[in-house]
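Per-entry structural report
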Amino acid sequence: LLNEGVLNLSGDFTSTAVTNGSTGLFRIGGNWTNSGGIFNPGAGTVIFNGSGNQLISRTGGETFYNLSLENTGITGSNRLRLMNNVTVQNSLTMLTGNIEAGASKLYLQNPASSALNYLSTTGSRITGRFERGISQTLTYLFPLGTNASYNPARITFGNINVSGTLISEF
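An account of the accompanying structure is given in this report. (Residues numbered from 1 in each chain as written. Predicted model: local features only at pLDDT ≥ 70, side-chain atom pairs only at ≥ 80, totals over all residues. Heavy atoms only, no water.)

With that settled, consider the pairing of strand β14 (residues 126–134). Burial runs high along β14: eight of the nine residues are buried. Where strand β12 (residues 98–108) and β14 come together, six bridges link them in parallel fashion. Following the sheet pairing, isoleucine 99 is matched in β14 by isoleucine 126. Sheet topology note: the β14/strand β17 (residues 164–168) ladder contains five bridges and is antiparallel. Bridge pairing links isoleucine 134 to glycine 164 in β17. (Buried < 20%, exposed > 50% of the residue type's maximum accessible area, 1.4 Å probe, protein only. Helix = DSSP H or I, 4+ residues; strand = E, 2+ residues; numbered from the N terminus. Pairing = 2+ DSSP bridges.)

Pasting the structure below:
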């Protein structure tokens with residue numbers, strides 16, 4: 001249970017209990033495995049900062065408030081693998097590393113175009129399905145690609161009368 005403060009794990013986060021993210025900061029160097037527990041994201045931030053492949057696993061999917069990918073491994077081979085669907089309620093930050101959705105989906109729920117903080121200088125990308133909330137008449141980035149190449153899409157929406165989502169995959 002972490003209501004506030006910082007949790008630094010160089011290894012895996014494994015939970016079978018109720019964990020309250022509240023305003024806490026989780027730095028995870030290994031895998032995120034939730035085996036039947038409940039993670040209440042609150043307004044907390046989870047940072048994946050391992051040096052190799054990492055994964056997120058929870059039957060039924062997992063929800064984070066803020067999620068940041070800062071994997072320090074070799075570019076192109078360091079991946080955050082989603083074993084189930086993952087929802088990010090507020091902000092997704094991509095600094096280094098790739099997100100591999102596989103048969104699952106990454107959903108950035110916040111419809112603001114600024115909800116994706118793409119700070120990567122190495123071409124971090126999402127392979128697989130990526131869904132974004134849409135509500136503004138602006139340009140939205142979809143940092144898609146394959147393990148070998150970065151193929152982003154920038155989609156500009158003109159008149160938006162009703163908020164919705166757009167799902168993408170390269």
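Attention now goes to the pattern of salt bridges. Summed over the entire model, instances satisfying the criterion amount to three salt bridges. In this structure, arginine 79 and glutamate 100 form a salt bridge, with 3.3 Å as the shortest nitrogen-oxygen distance. Highlighted residues: arginine 79 in strand β10 (residues 79–82) and glutamate 100 in strand β12, separated in sequence by 21 residues. Exposure class is identical for arginine 79 and glutamate 100. Each is buried. Residues lysine 105 and glutamate 131 are paired through a salt bridge, measuring 2.7 Å at the closest nitrogen-oxygen approach. Separated by 26 residues along the polypeptide, lysine 105 in strand β12 and glutamate 131 in strand β14 bring together distant segments of the chain. In this structure, lysine 105 and glutamate 131 share a single accessibility class: buried. Salt bridges linked by common partners bring Arg79, Arg81 and Glu100 together as one network. (Salt bridge = Lys/Arg side-chain N within 4 Å of Asp/Glu carboxyl O.)

All quantities given are derived from atomic positions and should not be read as evidence of function.
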